[in-house]
Amino acid sequence: MPAHSSSSLMVATSSVDDSSSSMAAKTITAASSFGWKYDVFLSFRGDDTRNNFTGHLYKALYQKGIHTFMDNEKLRGGEEISSTLVTAIQRSRCSIIVLSENYASSKWCLEELVEVLEYKRDKNQRVIPIFYNVDPSHVRNHTGTFGKAMAQHEKNKKEKVQKWREALTQVANLCSFDSLNKSKAQLIEELILDVSKDLNCIPSKDTQFLVGVDSCIREIELLLCLESMDVRMLGIWGMGGIGKTTLAKAIYERISHKFEGSCFLADVGLDLVRKGEDYLKQQLLSKVLKDNNIDVTTTSSKTKLHSKKVLIVIDNVNNQSILKTLVDDSSWFGPQSRIIITTRDKQFLTMYGVNVVYEVHKLQDDKAIEVFNRYAFRNDPPSMDVMNLIPRVIAHAQGLPLALEVFGSSLCKKSKDEWMCALDKLKKIPNMEIQKVLQISFDNMEKIL
């Protein structure tokens, strides 16, 4: 018998009570748009570490899929740091400061440091100092090469030196990494793990509203048995529009840092039809192995996976050839590898021996209203003239998050008359027809209204 678990996805909301219809009056606060472009901004002294430690760190970040800004010498010139660097700092989730022996001798490094710390103060950006072959006390107290550099700056940039000194002291007092008694490889490995955990704790736009997603993820992690040495497959099963992909993304973001390679193959059913099996193979291998020049026609490409602990998510499997092409033999993957498959058809899971299955259920009415209100009213409470119409829309959505999103977005900022017109259209469509449209696509659902 397959191992089996189930849960409903729920969406975080705040509520507005109203005696006439408390159920219909719940609202949700829309999330801010983060606007990030980079995961990490690297600040370093080029002459000291560009071609050694920082270069190796950048490569390791890239191989882990961590999008990193590393400047080039062309961006350094003049008296002030370039607007490109300032923008990169402000559009990064966190900054890593590589404090090497001659870091403080560069006025551009010091100006970068001031900018990073100001952004930390204003926007709470995480800053990670690395003391690379330097004593942290020299940075904190401006002694050693850092003291000599400050004394030299006093001759030419006296008006800025106090600000630079304060920045050095501040960064030296943050939680940090240092190279004392560690190999370069060990230091980079520890740093990558720390950064990955931090980045994966930041919710994506798809998952940040999900209340209860943590408990769903914990249940899935138990089913994945992440500590077990075997190669394990898990299916996420449910009808179209129920939230399988969203949940798969949440678990992927939460645990991908624990693997040597990872990839999320979205909507593989569509890609199979449009681009074929070789394209799917290319996508999987190039993402897991971080090599865009992989030749999928050679057997050697698959052998590269044998020793790797990988996480692979295959989303929207609707053809048995997909699993045969991508994950037919568990011996292709290294120990502790995990493969997650989302599908509407449980038969595909059974056929390929995927006997650990997590079922996603429809939303209950109270949670469905909260999802709908997020899209229909954004930051505003529902107006009195449409409040009593909300339960009727909810009934038509049948607890499907995708339908709730489409209905809510379509009715946002619409008048009562427009709501009534939409409800009249929905009344003419049998419940099963809505589900059939969901089976096809998001775009077709919008055409209903």
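To keep things clear, this report deals only with the structure shown in the data block.

The rules behind each value
Residues numbered from 1 in each chain as written. Predicted model: local features only at pLDDT ≥ 70, side-chain atom pairs only at ≥ 80, totals over all residues. Heavy atoms only, no water. Core = buried A, V, L, I, M, F, W, Y, C linked by side-chain atoms within 4.5 Å. Buried < 20%, exposed > 50% of the residue type's maximum accessible area, 1.4 Å probe, protein only. Helix = DSSP H or I, 4+ residues; strand = E, 2+ residues; numbered from the N terminus. Phe/Tyr/Trp six-rings, centres within 6.5 Å; stacked < 30°, edge-to-face > 60°. Lys NZ or Arg CZ within 6 Å of the ring centre and 35° of its normal. Expected span 1.5 Å × (residues − 1). Salt bridge = Lys/Arg side-chain N within 4 Å of Asp/Glu carboxyl O. Pairing = 2+ DSSP bridges. Contact = heavy atoms within 4.5 Å. Axes fitted to C-alpha atoms, helices over the stretch in contact; angles between N-to-C directions.

**Some words on the nonpolar core**
Line of reasoning, step 1. Counting 47 residues, the largest nonpolar core has Ile220, Leu224, Leu234, Ile340, Phe372, Leu404 and Trp419 as the members making the most contacts within it.
Line of reasoning, step 2. Among the elements that make up this core, the one with the highest residue count is helix 16 (residues 365-377) (seven residues).

**Re the packing of aromatic side chains**
Line of reasoning, step 1. Taken as a whole and assessed by the stated rule, the structure comprises eight aromatic pairs.
Line of reasoning, step 2. Here Phe377 and Trp419 contribute two aromatic rings whose centre-to-centre distance is 6.0 Å and whose plane-to-plane angle is 20°, an arrangement assigned as stacked. Within this pair, whereas Phe377 is found in helix 16, its partner Trp419 is found in helix 20 (residues 416-427), the two being separated by 42 residues in sequence.
Line of reasoning, step 3. Classification of Phe377 as buried rests on a relative accessible area of 9%.
Line of reasoning, step 4. A relative accessible area of 1% means that Trp419 is categorised as buried.
Line of reasoning, step 5. Between the NZ or CZ atom of Lys107 and the centre of the ring of Trp108, over which it lies, the distance is 3.8 Å.

**What about helix 12 (residues 277-289)?**
Line of reasoning, step 1. Compared with the 18 Å implied by 1.5 Å per residue over 13 residues, the 18 Å span of helix 12 between its first and last C-alpha is a close match.
Line of reasoning, step 2. All buried positions along helix 12 are accounted for by Leu280, Gln283, Leu284, Leu285, Ser286, Val288 and Leu289.
Line of reasoning, step 3. Immediately beyond the C-terminal end of helix 12, within one or two residues, lies Lys290, with a positive phi of roughly 55°.

**Regarding the pattern of salt bridges**
Line of reasoning, step 1. The full count for this structure, using the stated rule, is 13 salt bridges.
Line of reasoning, step 2. Ionic pairing is found between Asp39 and Arg93, a salt bridge with its closest N-O pair at 3.4 Å. Here Asp39, found in strand 5 (residues 38-43), pairs with Arg93, found in strand 7 (residues 92-99); they are 54 residues apart in sequence, far enough to count as distant.
Line of reasoning, step 3. Owing to a relative accessible area of 14%, Asp39 belongs among the buried residues under this scheme.
Line of reasoning, step 4. Here Glu111 makes a salt bridge to Lys160, at a shortest N to O gap of 3.7 Å. Of the two residues, Glu111 sits in helix 4 (residues 107-123) while Lys160 sits in helix 7 (residues 158-172), which places them 49 residues apart along the sequence.
Line of reasoning, step 5. Relative accessible area serves as the criterion here: at 9%, Glu111 is assigned to the buried category.
Line of reasoning, step 6. The network of salt bridges with shared partners includes Asp230, Arg232 and Arg338.

**Section: the sheet that holds strand 6 (residues 68-69)**
Line of reasoning, step 1. Pairing is parallel across the open sheet formed by five strands, whose spatial order is 6-5-7-8-9. The open sheet has two edge strands with one neighbour each: strand 6 and strand 9 (177-178).
Line of reasoning, step 2. For strand 5 and strand 6, the ladder comprises two bridges, and the chain directions are parallel. Looking at strand 6, one finds that Val40 is bridged to Thr68.
Line of reasoning, step 3. Each of strand 5, strand 6, strand 7 and strand 8 (126-131) touches helix 2 (residues 53-63); the most contacted strand, strand 5, lies at about 175° to it.
Line of reasoning, step 4. Here helix 4 sits on the sheet and contacts strand 5, strand 7 and strand 8; the angle it forms with strand 5, its principal contact strand, is near 140°.

**Let's talk about unusual backbone geometry**
Line of reasoning, step 1. One non-glycine residue with positive phi stands out, namely Asn133, at about 60°.
Line of reasoning, step 2. Tracing the chain through its elements places Asn133 in the loop between strand 8 and helix 5 (136-141).
Line of reasoning, step 3. Although it is not a glycine, Gln398 adopts a positive phi angle of roughly 60°.
Line of reasoning, step 4. With respect to the helices, strands and loops of the structure, Gln398 is situated in the loop between helix 18 (390-397) and helix 19 (401-411).

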